[in-house]
Amino acid sequence: MNPRIIQKLAMPLALLGICLFFAVKEPAFLGARNLTQLLIEFSMIATLALGMFLVLLTGNIDLSVGSGVGLVGGVAAVLVFQNEWPAGAAMAAGLGVALVAWTIMGTLIVSQRIPSFIITLGGLLIFKGIFWLVIQNSTIPVSRGDEDNLYSLLT
């Protein structure tokens, strides 16, 4: 087999190998419930990856994505469970926080010509700090174990 073909197929073959391993070790791995859960979890990662792809395509980098998503989720969770906001309003507020934060970072990168690495590294640290302030260093439950709510169903 041509070495270039093997090189191009290395990642899909590795993924297939991992799936086969877990399918053999745990038959429920290929069950409908587990595959549905994997797709739900993958949807958020895929959305972030698409956004990161667009940033990388321009020759930049965004190190603050994970911390920013955590901050937005923390803001929404605190609004729902501590301030008793409706889930839709809390998610809209989280979206507003995200738009303001990344608009400020984008403006600094474009207008001041500051390297994206520097701005997003600072954003990562700032988002982490604000996140801990928002959640007050505690765990914010999405829902109790015995009940569902609109926020837990939407996320």
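What you are looking at is a predicted structure, and each value in this text was computed from that prediction instead of being measured. (Residues numbered from 1 in each chain as written. Predicted model: local features only at pLDDT ≥ 70, side-chain atom pairs only at ≥ 80, totals over all residues. Heavy atoms only, no water.)

Draft legend 1. Examining the overall build of the protein more closely. Across its full length, the protein holds seven helices and zero strands. Helices (α) and strands (β) of the protein occur, in sequence order from the N terminus, as α-α-α-α-α-α-α. In terms of overall size, the protein is more extended than a compact globule, its C-alpha atoms giving a radius of gyration of 20 Å where 155 residues would be expected to give roughly 15 Å. Dimensions along the principal axes, computed over C-alpha positions, put the protein at roughly 55 × 50 × 25 Å. The proportion of buried residues among the 155 residues of the protein is 21%. (Helix = DSSP H or I, 4+ residues; strand = E, 2+ residues; numbered from the N terminus. Rg over C-alpha atoms; globule rule 2.2 N^0.38 Å. Buried < 20%, exposed > 50% of the residue type's maximum accessible area, 1.4 Å probe, protein only.)

Draft legend 2. Geometry of the nonpolar core. Of all hydrophobic cores here, the largest spans 15 residues; its most connected members are L71, A90, F127, I135 and I140. If you list the elements that add at least two residues to this core, you get α4 (65–81), α5 (87–111) and α6 (116–134). Aside from chain neighbours lying at most four places away, what touches L71 is V97, F127, I130, F131 and V134. (Core = buried A, V, L, I, M, F, W, Y, C linked by side-chain atoms within 4.5 Å. Contact = heavy atoms within 4.5 Å.)

Draft legend 3. How the structure looks around the packing of α4 against α5. It is the contact of α4 with α5, at a shortest axis distance of 8 Å, that shows an interaxial angle of 150 degrees. Seen along the crossing, α4 lies across α5 with a hand that is right-handed. Between α4 and α5, the contacting residues are V65, G68, V69, L71, V72, V75, A76, L79 and V80 on the first element and A87, A90, A93, G94, L95, V97, A98 and W102 on the second. When the residues that make up the contact of α4 with α5 are grouped by side-chain class, the tally is 15 nonpolar, two polar and no charged. (Axes fitted to C-alpha atoms, helices over the stretch in contact; angles between N-to-C directions. Left-handed = near helix turned anticlockwise from the far one by under 90°. Nonpolar A, V, L, I, M, F, W, Y, C, P; charged D, E, K, R; others polar.)

Draft legend 4. Just unusual backbone geometry, in detail. Backbone geometry at E84 places phi at a positive 55 degrees, although glycine is not the residue there. Counting through the fold element by element, E84 comes out in the loop between α4 and α5. The class of E84 is exposed, set by a relative accessible area of 69%. Located in the positive-phi region is N137, a residue other than glycine, with phi close to 50 degrees. Of note, N137 is situated in the loop between α6 and α7 (150–154). Judged by relative accessible area, which is 61%, N137 ranks as exposed.

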